[in-house]
Amino acid sequence: MVECYAPANIALVKYWGKREAHLNLPLTDSLSISLAHLGTTTQVSESEEDSLCFNGEEIEQESALFRKTFAFIDRIAKGRCALRVVTNNTIPTASGLASSASGFAALTLALNAFFNWNYDRKTLSQMARLGSGSASRSLWDGFVIWQAGSADDGSDCYAYPLEARWQELRIGILEVDFSAKKIGSREAMQHTAYTSPLYGSWQKTVAEDMRNLQAAIQSRDFTRLGEIAEGNALAMHALMLSARPAILYFQQASWQSMHTIWQLRAQGLPLYFTADAGANLKLLYLEEDSAKVKDVFPHIQEIAPFASS
Ligand code: PMV
């Protein structure tokens, strides 16, 4: 039996749209930050027949989760034996945080260990990508870039870590809605790319944001990091709003929290947010402002992505 862990990640410059769907090749680069202890631990062992246990619950063979998991395993481990997969999230299930990134990354690492493939991280990133695009970034801690590449076979499409560390950086997960989303990110990004009249501007927006965000990380310019991350997330949601028909993940409480964040910022607090394909916000701030942020948002779950490194 082998056991592997992978962290969840949050993109500061988002992946939203594919240049090829079967291999999960993105149209643009993206840049994320891994969530340290929030992630997935997965065990793999040999067994009589395929079985899956997720967060302590036996998953039925007919379920979508079971089929998705073993379709992925069949794709990367051809001619395999029957397997028992036991997977547990340290991301609170109720937090509404996507767990597919850490889930597919942990499963890829566990299969690599179980079958003694000894693949390097770049190859593992490419394999994890086949499960979910953002999983390609969950093989490392800290800041990670997923480069889109241009090869048709995806050979130059993988993620890699940035050297930069930023001890004082904090992420606060602000829960707005715990229920499952009505439309998944895979479907939503395709719909946006096909129908939004604004989608043509996305590549240029991301190219600029990627360049400026890397400069902000290098120079430890938090204001710049916050502006880029928040602007990029809102641009992604604006694309969805302009899709036909529109996709709107934000709810009343998401908008209210945005107004509160903007008010606090107008009063001088360097507080920003990002948001994925869901109603929840992820707050971005520095350690020195942690108490002030928690005064206003007492229920956030705070993560220090670089604290233990
Ligand atoms: O990897 P997927 O298919 O779950 O898509 C991720 C999409 C976003 O979370 C919204 C953006 C990103 O880059 O993680």
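In what follows, the accompanying structure is described.

Quick notes on the rules
- Residues numbered from 1 in each chain as written.
- Predicted model: local features only at pLDDT ≥ 70, side-chain atom pairs only at ≥ 80, totals over all residues.
- Heavy atoms only, no water.
- Phe/Tyr/Trp six-rings, centres within 6.5 Å; stacked < 30°, edge-to-face > 60°.
- Helix = DSSP H or I, 4+ residues; strand = E, 2+ residues; numbered from the N terminus.
- Buried < 20%, exposed > 50% of the residue type's maximum accessible area, 1.4 Å probe, protein only.
- Near = heavy atom within 4 Å.
- Polar contact = N/O pair within 3.5 Å; in protein donor to acceptor, adjacent residues only side chain to side chain.
- Areas by Shrake-Rupley, 256 points an atom, 1.4 Å probe, with all protein chains shown as cover.
- Nonpolar A, V, L, I, M, F, W, Y, C, P; charged D, E, K, R; others polar.
- Pairing = 2+ DSSP bridges.
- Axes fitted to C-alpha atoms, helices over the stretch in contact; angles between N-to-C directions.
- Contact = heavy atoms within 4.5 Å.
- Expected span 1.5 Å × (residues − 1).
- Parallel < 35°, antiparallel > 145°, perpendicular 65-115°, else oblique.
- Left-handed = near helix turned anticlockwise from the far one by under 90°.

Details of the packing of aromatic side chains
Inspection of every chain in the model, using the stated rule, returns 11 aromatic pairs. Measuring from ring centre to ring centre gives 5.2 Å for Phe-143 and Phe-306, while their planes differ by 45°; the resulting arrangement is tilted. On the criterion of sequence distance, the pair formed by Phe-143 in strand β8 (residues 143–147) and Phe-306 in the segment after β13 (301–303) is long-range, its members being 163 residues apart. We classify Phe-143 as buried; its relative accessible area is 0%.

What about the site of the ligand?
In the vicinity of the ligand there are 14 residues, among which Tyr-15, Ser-132, Ser-134, Arg-137 and Ser-185 approach most closely. Contact between the ligand and Ser-132: an oxygen atom at 3.2 Å from a side-chain N or O atom of the residue. Within the side chain of Ser-185, a nitrogen or oxygen atom sits 3.2 Å from an oxygen atom of the ligand. Coverage of the ligand by the protein amounts to 93% of the 380 Å² it exposes when considered alone. Of the residues that constitute the shell around the ligand, the class distribution is six nonpolar, five polar and three charged.

Quick look at the sheet that holds strand β12 (residues 281–286)
Hydrogen bonds along the backbone pair up the strands of a sheet, which may run parallel or antiparallel. Ordered in space as β11-β12-β10-β13, the four strands form an open sheet in which the pairing is antiparallel. Because the sheet does not close on itself, it has two edges, and the strands there are β11 (272–274) and β13. Across the sheet, the axes of successive neighbouring strands diverge by a mean angle of 30°, strand direction being ignored. Pairing of strand β10 (residues 169–174) with β12, which is carried by six bridges, proceeds in the antiparallel orientation. In the sheet register, Ile-171 faces β12, and the bridge partner there is Leu-284. Helix α6 (residues 222–242) contacts β10, β11 and β12 of the sheet and is inclined by roughly 40° relative to β11.

Quick word on helix α2 (residues 100–114)
Helical geometry note: an α-helix holds 3.6 residues per turn, so side chains three or four residues apart project in the same direction. For α2, with 15 residues, the first-to-last C-alpha span of 20 Å sits near the 21 Å given by 1.5 Å per residue. Of all the 15 residues making up α2, 12 are buried; the element is thus mostly covered by neighbouring parts of the structure. For α2, the complete set of buried residues consists of Ala-101, Ser-102, Phe-104, Ala-105, Ala-106, Leu-107, Thr-108, Leu-109, Ala-110, Leu-111, Asn-112 and Phe-114. As for α2, its buried residues are in contact with β1 (2–13), β4 (30–46), α1 (64–76), β7 (83–89) and α3 (121–131). One or two residues past the end of α2 sits Asn-116, with phi positive at roughly 55°.

What to know about the packing of α2 against α3
Following both chains from N to C, one finds α2 and α3 inclined at 130°, their axes separated by 9 Å at the closest point. Judged on the interaxial angle alone, α3 and α2 are oblique. Crossing hand, α2 versus α3: right-handed. Taken together, the residues of α3 that come into contact with α2 (itself represented by Phe-104, Ala-105, Thr-108, Leu-109 and Asn-112) are Arg-121, Leu-124, Met-127, Ala-128 and Gly-131. Among the residues making up the contact of α2 with α3, the classes are represented as six nonpolar, three polar and one charged.

On their own, these measurements won't tell you what the molecule is for.
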